[in-house]
Amino acid sequence: MHFLDQAKIFLKSGAGGPGAVSFRREKYVEFGGPDGGNGGKGGDIIFEAVQGLNTLIDFRYAQHFKAKRGNHGMGRDRYGAGADDLVIHVPVGTQVLSEDKNAVIADFTEVGQRVTMLEGGMGGRGNASFKSSTNRAPRQHQPGEPAEEMWVWLRLKLLADVGLLGLPNAGKSTFINAVSNAKAKVGAYAFTTLVPKLGVVQHKGREFVIADIPGLIEGAADGAGIGDRFLGHIERCRALIHLVDISGDDPAQAMVTVQNELAAYGGGLENKPQLIVLNKRDLADTELVRGFAKELRDAGAKQVFAISGATGQGIDDLMDAVLGFLPDRTSTETNAAEEEDLADAKPWSPI
């Protein structure tokens, strides 16, 4: 499945059905009178966040969404049927933005959340509703309210508990494969990760989601490399794991480069808790690891972890620190099925 995190779509609700102009015409009925029914209500446009989606790729092939209009009224006081609402399913974490992208219209952060984006038009009145003691044969009716329409942008911000970032080739893909069920592509070249990748981590009875985004380089905020487009996917994270390659030319400068790009992007990313991690410690001796860790602390890091994504060394201590930033129950733990209590379970019997 291809990953798509932005899409522009057109929405149009259903117009209301027109009211009818009709008069009762039956044999042996001398004074029939008006019997035109009202029109039906048009369909609403509703967005609903559902589980199991993590991309907006469906909106690449369908950009126009139009609800049906209400049915027209008919004679014999028959009202027109209302049209069904059009429900659009989006992934959890989707934001609906105005056409100019300056306003957030809706933000879907929970499964099952529904927002009525456009309301269908009310049906028009038939001539029977205009009948009065002074107007016994009305011929006026209403055509029904018109439909509403608008263009909107959909932007997906993946919901993850922990974000993973760093320069290209910092070992992020190897790390996320080591700690989670993700199957990220690993290669000995920059930008093996081209789109965000999610993985579920299970550690000491806890479960949480980690998000890996493409590597940042100097000038990413200005569009260099892949740019900072995917930084939005870690805006909702509670903590960030910042991987620094210990085999690089200057690990301290590498950390500062990423920090500067976070500050240039904004969105509060520079203020989120960060776990600074020296990766690939299997390529350096203990003395060199201590020296680089000191340089990172001198450059502003509060605490430095040294790990190896390839061998797993030091990962448990890092995951222990991550647990301190998680809530009592993460989203994956809340949605997980409760385990059956085996003590209260009845013994199996074929009868």
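The structure this text deals with has already been given above.
The rules behind each value
- Position numbers for residues count from 1 along each chain, tracking the sequence in the order it is written.
- Owing to the predicted nature of the model, reporting of local features is limited to residues with pLDDT of at least 70; listing and counting of side-chain atom pairs is limited to 80 or more, with chain, interface and lining totals taken over all residues.
- Here the side-chain values reflect all heavy atoms present in the structure, with hydrogen atoms and water set aside.
- By definition, any uninterrupted DSSP run of H or I lasting at least four residues is a helix, any uninterrupted run of E lasting at least two residues is a strand, and each is numbered from the N terminus.
- Pairing of aromatic rings covers Phe, Tyr and Trp, the last counted by its six-membered ring, and requires centre-to-centre distances within 6.5 Å; plane angles under 30 degrees mean stacked, over 60 mean edge-to-face, and any other angle means tilted.
- Only Lys NZ and Arg CZ are tested; either one counts as a charge over a ring when it is within 6 Å of the ring centre and within 35 degrees of the ring normal.
- By this definition, two strands are paired if DSSP reports at least two bridges between them.
- In this description, a line fitted to the C-alpha atoms serves as the axis of each element, helices being fitted only across the stretch in contact, and the angle between N-to-C directions of two axes falls anywhere from 0 to 180 degrees.
- Left-handed describes a crossing whose near helix is turned anticlockwise from the far helix through less than a right angle; right-handed describes the clockwise counterpart.
- Contacts are assigned to residue pairs that have any heavy atoms within 4.5 Å of one another.
- Put simply, Ala, Val, Leu, Ile, Met, Phe, Trp, Tyr, Cys and Pro go in the nonpolar bin, Asp, Glu, Lys and Arg in the charged bin, and everything else, Gly too, in the polar bin.
- Any residue under 20% of the maximum accessible area for its type is buried, any over 50% is exposed, and the rest in between are partly exposed; the area is computed with a 1.4 Å probe on protein chains only.
- For this quantity, the arc is that covered by the directions from the helix axis to the C-beta atoms.
- Polar contact is defined as a pair of N or O atoms within 3.5 Å, subject to the rule that within protein one atom must be able to donate a hydrogen and the other to accept it, and that residues adjacent in sequence are counted only when both atoms are side-chain atoms.
- Any Lys or Arg side-chain nitrogen found within 4 Å of a carboxyl oxygen on Asp or Glu counts as a salt bridge.

**A closer look at the environment of Arg 76**
Point 1. Looking at the element boundaries, Arg 76 is found in the loop between strand 3 (64-66) and strand 4 (86-91).
Point 2. Taking the C-alpha atoms as reference points, Arg 76 and Arg 25, 51 residues apart in sequence, are found 9.5 Å from one another.

**What to know about the packing of aromatic side chains**
Point 1. The tally for this structure, following the rule as stated, stands at three aromatic pairs.
Point 2. Taking the centre distance of 5.2 Å and the plane angle of 55° together, the rings of Phe 10 and Trp 151 count as tilted. Highlighted residues: Phe 10 in strand 1 (residues 6-12) and Trp 151 in strand 8 (residues 149-156), separated in sequence by 141 residues.
Point 3. Across the ring face of Phe 130, the terminal group of Arg 125 is positioned such that the distance to the ring centre comes to 4.1 Å.

**A word on the pairing of strand 1**
Point 1. Where strand 1 meets strand 8, seven bridges bridge the pair, whose relative direction is antiparallel. In the strand pairing of strand 8, Gln 6 is matched with Arg 155.
Point 2. Two strands pair when backbone bridges link them, and strand 1 and strand 3 are joined in this way by three bridges, in the parallel orientation. Pairing of Phe 10 across the sheet is with His 64, part of strand 3.

**What to know about the packing of helix 3 (residues 251-265) against helix 4 (residues 286-298)**
Point 1. Look at helix 3 against helix 4: their axes get within 8 Å of each other, and the N-to-C directions meet at 35°. The element helix 3 and its partner helix 4 pack so that their crossing is right-handed. Contacts from Pro 251, Ala 252 and Met 255 in helix 3 reach Phe 292, Glu 295 and Leu 296 in helix 4.
Point 2. Residues of the contact of helix 3 with helix 4, tallied by class, amount to five nonpolar, no polar and one charged.

**Some remarks on the sheet that holds strand 11 (residues 206-212)**
The strands that make up a sheet pair up through hydrogen bonds in the backbone, lying either parallel or antiparallel.
Point 1. The mixed open sheet is built from six strands, whose spatial order is 10-11-9-12-13-14. Both outer strands of the open sheet, strand 10 (197-203) and strand 14 (304-306), are each paired with one neighbouring strand and no more. Taking the axes of each pair of neighbouring strands and ignoring which way they run, one obtains an average angle of 30° across the sheet.
Point 2. Both strand 9 (residues 162-166) and strand 12 (residues 239-245) contribute to a ladder of five bridges, which runs parallel. Opposite Leu 164, over in strand 12, you have Ile 241 as the bridge partner.
Point 3. Lying on the sheet, helix 3 is in contact with strand 9, strand 12 and strand 13 (274-279); it crosses strand 12 at an angle near 145°.

**Structural notes on helix 2 (residues 172-179)**
Point 1. Where helix 2 is concerned, the buried positions are Lys 172, Ser 173, Phe 175, Ile 176 and Val 179. End-on, the buried residues of helix 2 take up no more than an arc of 160°, which puts them together on one face.

**Remarks on the side chain of Ser 22**
Point 1. Within the element layout of this structure, Ser 22 appears in the loop between strand 1 and strand 2 (45-50).
Point 2. There is a polar contact of 2.8 Å between the side chain of Ser 22 and the side chain of Asp 35.
Point 3. Discounting residues that sit within four places of it in the chain, Ser 22 has contacts with Gly 33, Pro 34, Asp 35, Gly 36, Gly 75 and Asn 127.

**Here we look at the pattern of salt bridges**
Point 1. Summed over the entire model, instances satisfying the criterion amount to nine salt bridges.
Point 2. Its salt-bridge partner being Glu 26, residue Arg 24 comes within 2.8 Å of it at the nearest N-O pair.
Point 3. Using a relative accessible area of 37% as the deciding quantity, one classes Arg 24 as partly exposed.
Point 4. In this structure, Lys 41 engages Asp 44 in a salt bridge whose closest nitrogen and oxygen atoms are separated by 2.6 Å.
Point 5. Residue Asp 44 is classed as buried on the basis of its relative accessible area, which comes to 11%.

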